[in-house]
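# Secondary and tertiary structure notes
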Amino acid sequence: MIYMDNAATTKTGQAAMAAMTACMAENWGNPSSLYAHGQRAAEDLWRARERMAACIGASPKEIYFTSGGSEGDNQAILSAAWLGEKKGKKHIISSTFEHHAVLHTLEKLKQEGFEVDLLPVGEKGNITPKQVSEAIREDTALVTLMYANNEIGSILPIAKIGAVCREKGVPFHTDAVQAAGHLPIDVAAQNIDMLSLSAHKFHGPKGVGALYARRGISLVSLIEGGAQERGKRAGTENLPAIVGMAAALEEACAHLEENARKVSALRDRLIDGLSQIPHSALNGGRENRLPGNVNFCFEGIEGESLLLLLDDKGICASSGSACTSGSLDPSHVLLAIGRPHEVAHGSLRLSLSEENTDADVDAVLEAVPQVVEYLRGMSPLWKDKVSGKNPFVL
């Protein structure tokens, strides 16, 4: 099997599994208990908080453990919105290509009377500090922009955007789910007020994540109950998953530069090779791109068929089209960068990790052109384009 869907989830790493196994075998007590066994668990919880904080330049008391990126996004956005509402501020700035955890939360807030401006991202998938500065108003309660896009891999100028928000006194949240463990993060230097991440994107376990909230940021609890996480998230902490996440992030950050060099080289080989397929196009720019992200559109095919045939060849990938989740709509990200519906349906996302090899790339570069040619050969729409009856888009 050749696994190239690391943007969806990563294989749980040895560092995480070792930490989790040790925790479950030895310190399985409840961190809220006062007896010694519980307090040893509480010490593990605090050490995990310290390790997570050190990886992103934060203080341990600014780290809150969650179930993942979606919960972190929800809590950050809703907290800023509700706090802003108390001050008469009901305007939020985001972008057209955010993750649905952000977009759906913003839709909920619109139903509650908030005004939301979604900034356009252009064909390369980018937001400029000038765009943010011009969009901020007196009643702006929050700017929430992703660190790096999950589909096309474009990296936003987070530090500069954060500086604009800090200068204008507007809280700034970033969904860093695709960036954490793959790009250097320093929340203080980058003027980030809140940041959400998810463990399973950097070889940690699923179902656990963290929300960074700068000291002085008031979070609203989404889950009522006990006083865990300093009263901001009720429920007994999933300690094995938390220590596994801390170990995974620490490991990823320790090898960040060398992994980025290796994965970027594989990425560039894939981009060069896939670009040779006629009537194809790279989605997003080659610069300021996540090390492991490759996203292409191939005119004249459906992404779902492409994925199924690649799976037959032992290649795990994903499509920008949402048809695999029960919808016939193409990816909102590809539409946001200007791809027509017809082309956006025929997309392929390959996302690599440091475990991928040159041999994997060779196999993919052999398989994808074959599958694309096969699917086009069966398509009457493609035949109309080849005959000149209908024009090519790409």
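Provided above is the structure to which this section pertains.
A short tour of the structure in this document, coming up.

Rules and cut-offs
- Along each chain, the written sequence defines residue order, and numbers are assigned to residues from 1.
- In view of the model being predicted, local features appear only for residues whose pLDDT reaches at least 70, and side-chain atom pairs are presented and counted only at 80 or more, with totals across whole chains, interfaces and linings using the full set of residues.
- Think of the side-chain values as coming from all heavy atoms in the structure, minus any hydrogens and water.
- Secondary structure elements are taken from DSSP: a helix is a run of H or I of four residues or more, a strand is a run of E of two residues or more, and numbering for both begins at the N terminus.
- For the exposure calls, accessible area comes from a 1.4 Å probe over protein chains only, and a residue counts as buried if that area is under 20% of its type's maximum, exposed if over 50%, partly exposed in between.
- By definition in these notes, contact holds between two residues if any of their heavy atoms fall within 4.5 Å.
- The term salt bridge refers to a side-chain nitrogen of Lys or Arg lying within 4 Å of a carboxyl oxygen of Asp or Glu.
- Strands were regarded as paired on the criterion that DSSP finds at least two bridges between them.
- Every angle, taken between N-to-C directions, lies between 0 and 180 degrees, and every axis is a line fitted to C-alpha atoms, over only the stretch in contact when it is a helix.
- For this text, the term disulfide refers to a pair of cysteine sulfurs within 2.5 Å.
- Asp and Glu are treated as the negative residues and Lys and Arg as the positive ones, with His and the ends of the chain left uncounted.
- Nitrogen and oxygen atoms within 3.5 Å of one another constitute a polar contact, given that in protein one can donate a hydrogen and the other can accept it, and given that sequence-neighbouring residues count only through two side-chain atoms.
- To sort the angles, those under 35 degrees are grouped as roughly parallel, those over 145 as roughly antiparallel, those from 65 to 115 as roughly perpendicular, and the leftovers as oblique.
- Definitions for this section: a left-handed crossing has its near helix turned counterclockwise from the far helix by less than a right angle. A right-handed crossing has that turn clockwise.
- Note on residue categories: nonpolar means Ala, Val, Leu, Ile, Met, Phe, Trp, Tyr, Cys or Pro, charged means Asp, Glu, Lys or Arg, and polar means any other residue, Gly included.
- A clockwise path from the first strand over the helix to the second, with the strands pointing away from the viewer, defines a right-handed crossover.
- Only centres within 6.5 Å qualify two rings of Phe, Tyr or Trp (six-membered ring in Trp) as a pair; their planes then separate them into stacked at under 30 degrees, edge-to-face at over 60, and tilted for everything else.
- Each ring is checked for a lysine NZ or an arginine CZ that lies within 6 Å of its centre and within 35 degrees of its normal; such an atom marks a charge sitting over the ring.

A separate point is the side chain of N293. Mapped onto the secondary structure, N293 falls in strand β10 (residues 293–298). The class of N293 is buried, set by a relative accessible area of 4%. Once residues within four sequence positions are removed from consideration, N293 is found in contact with N150, E151, I152, G153, R267, R349 and L350.

Unusually for a residue other than glycine, R230 sits at a positive phi of about 55 degrees. Here R230 falls in the partly exposed class, since its relative accessible area comes to 37%. With a phi close to 50 degrees, N288 is a non-glycine residue in the positive phi region.

The next subject is the pattern of salt bridges. Oppositely charged side chains can form a pair if their charged atoms are brought close together. Under the definition given, this model contains 19 salt bridges. One salt bridge in this structure joins E250 and R51, with 2.8 Å as the shortest N-O distance. Residue E250 is found in helix α7 (residues 239–254), and its partner R51 is found in helix α2 (residues 36–56); the two are separated by 199 residues along the sequence. Judged by relative accessible area, E250 falls into the partly exposed class, the value being 34%. Note that R286 is salt-bridged to D268, the shortest N-O span being 3.8 Å. One end of the pair, R286, is in the loop between β9 (280–282) and β10; the other, D268, is in helix α8 (residues 256–274), and 18 residues separate them in sequence. By relative accessible area, R286 is classed as partly exposed at 38%. Judged by relative accessible area, which is 26%, D268 ranks as partly exposed. Ionic contacts of the salt-bridge type, sharing partners, join the residues R267, D268, D272 and R286 into one network.

Right, let's talk about the sheet that holds β9 for a bit. Spatially, the three strands line up as an open sheet ordered β9-β10-β12, and their pairing is antiparallel. The outermost strands of the open sheet, each flanked by one partner alone, are β9 and β12 (347–351). Direction aside, the axes of adjacent strands within the sheet are offset by 20 degrees on average. Two strands pair when backbone bridges link them, and β9 and β10 are joined in this way by three bridges, in the antiparallel orientation. Note on β10: the bridge partner recorded for L282 is F296. Where α8 meets the sheet, it contacts β9, β10 and β12, and its direction lies at approximately 10 degrees from that of β10. The sheet strands contacting helix α9 (residues 303–312) are β10 and β12, and the helix crosses β12 at an angle near 45 degrees.

This next bit is on the state of the cysteines. Taken as a whole and judged by the stated rule, the model has zero disulfides. C55 supplies the cysteine sulfur nearest to C253, a cysteine that is in no disulfide, at a spacing of 4.0 Å.

Right, let's get into the side chain of R289. Note that R289 resides in the loop between β9 and β10. The buried charged residue R289 lacks any salt bridge partner; its closest oppositely charged side chain belongs to D268, at an N-O distance of 7.4 Å. Within the local environment of R289, its side chain forms a polar contact with the backbone oxygen of N293, the two atoms lying 2.9 Å apart. Setting aside residues up to four positions removed in sequence, R289 forms contacts with I152, G153, I155, R267, I271, L282, N283, G284, V294 and N295.

Another point: the packing of α8 against helix α12 (residues 358–378). It is the contact of α8 with α12, at a shortest axis distance of 10 Å, that shows an interaxial angle of 20 degrees. Judged by the angle between their axes, α8 and α12 are roughly parallel. In this structure, α8 crosses over α12, and the sense of that crossing is right-handed. On α12, the residues that touch L266, R269, L270, G273 and L274 of α8 are D358, V361, D362, V364, L365 and V368. Each residue belonging to the contact of α8 with α12 can be placed in one class, and the counts come to seven nonpolar, one polar and three charged.

Burial along strand β6 (residues 172–175) is two-sided: F172 and T174 and H173 and D175, pointing in opposite directions, are all buried. One ladder, built from two bridges, connects strand β5 (residues 140–144) with β6; its direction is parallel. Looking across to β6, one finds that T144 is bridged to H173. Read from β5 through helix α6 (residues 158–168) to β6, the crossover connection turns out right-handed. As judged from the three bridges shared by β6 and strand β7 (residues 194–198), these two strands associate in the parallel manner. Residue pairing across strands places T174 opposite L195, the latter belonging to β7.

If you walk through the whole model with that rule in mind, you get two aromatic pairs. Taking NZ or CZ as reference, K90 lies 4.9 Å from the ring centre of F114, over its face. One Lys or Arg, R230, reaches over the ring of Y64 and ends 4.1 Å from the middle of that ring.

The next point concerns the sheet that holds strand β8 (residues 209–213). The mixed open sheet is built from seven strands, whose spatial order is β2-β8-β7-β6-β5-β3-β4. Bordering the open sheet on either side are β2 (63–66) and β4 (115–119), each of which pairs with just one other strand. Pairs of neighbouring strands in the sheet enclose a mean axial angle of 20 degrees, with direction left out of account. Sitting on the sheet, α2 is in contact with β2, β7 and β8, with an inclination near 110 degrees to β2. With respect to the sheet, helix α4 (residues 100–111) is in contact with β3 (91–95), β4, β5 and β6, its orientation differing from that of β3 by roughly 155 degrees.

Just geometry here; none of it tells us what the structure is for.
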